[in-house]
Amino acid sequence: YTRGTVTAFSPFDARADAEALRKAMKGMGTDEETILKILTSRNNAQRQEIASAFKTLFGRDLVDDLKSELTGKFETLMVSLMRPTYIFDAHALKHAIKGAGTNEKVLTEILASRTPEEVRNIKQVYLQEYEANLEDKITGETSGYFQRMLVVLLQANRDPDGGVDDGLVEQDAQVLFRAGELKWGTDEEKFITILGTRSVSHLRRVFDKYMTISGFQIEETIDRETSGDLEKLLLAVVKCIRSVPAYFAEILYYSMKGAGTDDDTLIRVMVSRSEIDLLDIRKEFRKNFAKSLHQMIQKDTSGDYRKALLLLCGGDDE
């Protein structure tokens with residue numbers, strides 16, 4: 001069951017697709033239209049089959065050919081679509097922590113939004129692919145409470161959803177209230193433990209109770225009492241507890257709002273959510289930003305890059 005915009009294409013013929021792609025890139029000039037149409041309408045598993053057929057038929061690497069024939073953001077998008085699903089997040093994290101400066105935004109977006117099962121998978125793939133321990137890499141590049149919250153999330157030990165205990169809801173809400181609103185300085189550790197380990201259904205109730213006790217949304221307290229990377233991470237976790245699609249709708253909105261576009265984020269979210277919950281993200285986008293995701297992409301991007309993003313978006317929500 002998926003709420004993605006991209007699903008398995010049928011009838012699917014990997015060899016025919018491989019041949020069409022080869023023809024699109026052979027000789028003078030490149031037929032970008034064919035490339036984007038094929039790659040956005042096949043799901044990731046099918047794209048992997050196409051790459052394999054491409055190598056079998058032509059002895060060439062499809063991704064290398066795409067890189068040499070395409071340029072710019074369009075190239076980045078097509079190459080991202082070709083990355084195997086299971087490796088996508090591990091690859092993004094690897095690039096967020098390599099070289100000069102760490103991309104905290106990527107660490108936050110991925111680790112706040114993925115399920116415990118997904119996080120366990122990412123750690124395993126990271127170890128297999130890069131022969132390195134993801135937690136060690138992340139702790140080496142981060143510090144303070146931001147680092148500690150990331151480590152808690154990396155443990156992937158959030159309580160599973162089950163019956164919610166009202167007594168514990170009340171208790172957690174009081175602890176957060178005392179740690180945040182009532183204290184000079186904030187007891188960050190309490191926020192980290194509760195937000196990082198309690199179940200999703202429990203935390204949703206805690207947030208309601210917190211509002212009743214304090215008169216504030218938990219987001220307002222986090223906003224007031226913390227700052228920098230920690231604040232962004234705690235807010236992302238709270239938003240994802242409330243609704244992952246709403247969180248991504250907001251990420252997409254701010255990637256395009258105002259001057260300039262954060263194309264890396266736009267591409268990463270559109271590709272990584274296209275087979276999971278992009279339909280729900282579109283719905284939240286329309287509800288929260290008074291315009292559709294389709295309209296915003298249309299306005300904010302251009303050329304083949306825009307065509308491909310709109311196909312991934314999969315429709316307009318008037």
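Given the structure is predicted, the values throughout are model-derived calculations rather than measurements.

Trainee: Explain the pattern of salt bridges to me, and be specific about the residues and the numbers.
Mentor: For the structure shown, the criterion picks out 23 salt bridges. For Asp-263, the salt bridge identified is with Lys-73, shortest N-O distance 3.9 Å. Remark: Lys-73 occurs in helix α5 (residues 72-82) and Asp-263 occurs in helix α17 (residues 263-273); sequence separation between them is 190 residues. Looking at Lys-73, the relative accessible area reads 43%, which means it is partly exposed. We note a salt bridge from Arg-198 to Asp-172, for which the minimum N-O separation is 2.6 Å. Remark: Asp-172 occurs in helix α11 (residues 166-179) and Arg-198 occurs in the loop between α12 (188-197) and α13 (200-214); sequence separation between them is 26 residues. One connected set of salt bridges, linked through shared partners, spans Glu-33, Lys-37, Asp-304 and Lys-307.

Trainee: For the domain arrangement of the protein chain, give the residues involved together with the corresponding values.
Mentor: Once the domains are mapped, the protein chain shows domain 1 (14-85), domain 2 (86-155), domain 3 (166-242) and domain 4 (244-313). A straight line from the C-alpha centre of domain 1 to that of domain 4 covers 23 Å. Listed per partner, the contact involves 15 residues of domain 1 and 11 residues of domain 4. Together, Thr-40, Lys-73 and Leu-77 form the three largest contributors to the area buried by domain 1 at its contact with domain 4, with a combined 42%.

Trainee: Outline the environment of Asp-64, listing residues and values.
Mentor: With respect to the helices and strands, Asp-64 occurs in helix α4 (residues 62-69). Given a relative accessible area of 46%, Asp-64 falls into the partly exposed group. Between the C-alpha atoms of Asp-64 and Val-152, which are 88 residues apart in sequence, the distance is 38 Å.

Trainee: With reference to specific residues and values, describe helix α1 (residues 14-25).
Mentor: Compared with the 16 Å implied by 1.5 Å per residue over 12 residues, the 17 Å span of α1 between its first and last C-alpha is a close match. Of the residues making up α1, those classed as buried are Ala-14, Asp-17, Ala-18, Leu-21, Arg-22, Ala-24 and Met-25. Angularly, the buried residues of α1 cover 160° about the axis, an arc narrow enough to put them on a single face. Check the buried side of α1 and you find it contacts α2 (32-41), α3 (44-58) and α4. With a side-chain oxygen positioned 3.1 Å from the backbone nitrogen of Arg-15, the residue opening α1 is Asp-13. Positioned one or two residues after α1, Gly-27 has a phi angle of 75°, which is positive.

Trainee: Account for the packing of aromatic side chains, with residues named and values stated.
Mentor: Evaluated as defined, the whole model comprises 8 aromatic pairs. Look at Phe-177 and Tyr-210: their rings are 6.4 Å apart centre to centre, the planes differ by 80°, and that puts the pair in the edge-to-face class. Of this pair, Phe-177 sits in helix α11 while Tyr-210 sits in helix α13; the two residues are 33 residues apart in sequence, bridging distant segments of the chain. With relative accessibility at 16%, the residue Phe-177 sits in the buried group.

Conventions adopted
- Residues numbered from 1 in each chain as written.
- Predicted model: local features only at pLDDT ≥ 70, side-chain atom pairs only at ≥ 80, totals over all residues.
- Heavy atoms only, no water.
- Salt bridge = Lys/Arg side-chain N within 4 Å of Asp/Glu carboxyl O.
- Helix = DSSP H or I, 4+ residues; strand = E, 2+ residues; numbered from the N terminus.
- Buried < 20%, exposed > 50% of the residue type's maximum accessible area, 1.4 Å probe, protein only.
- Domains from an automatic or database assignment.
- Contact = heavy atoms within 4.5 Å.
- Buried area = accessible area lost by both parts, 1.4 Å probe.
- Expected span 1.5 Å × (residues − 1).
- Arc of directions from axis to C-beta.
- Polar contact = N/O pair within 3.5 Å; in protein donor to acceptor, adjacent residues only side chain to side chain.
- Phe/Tyr/Trp six-rings, centres within 6.5 Å; stacked < 30°, edge-to-face > 60°.

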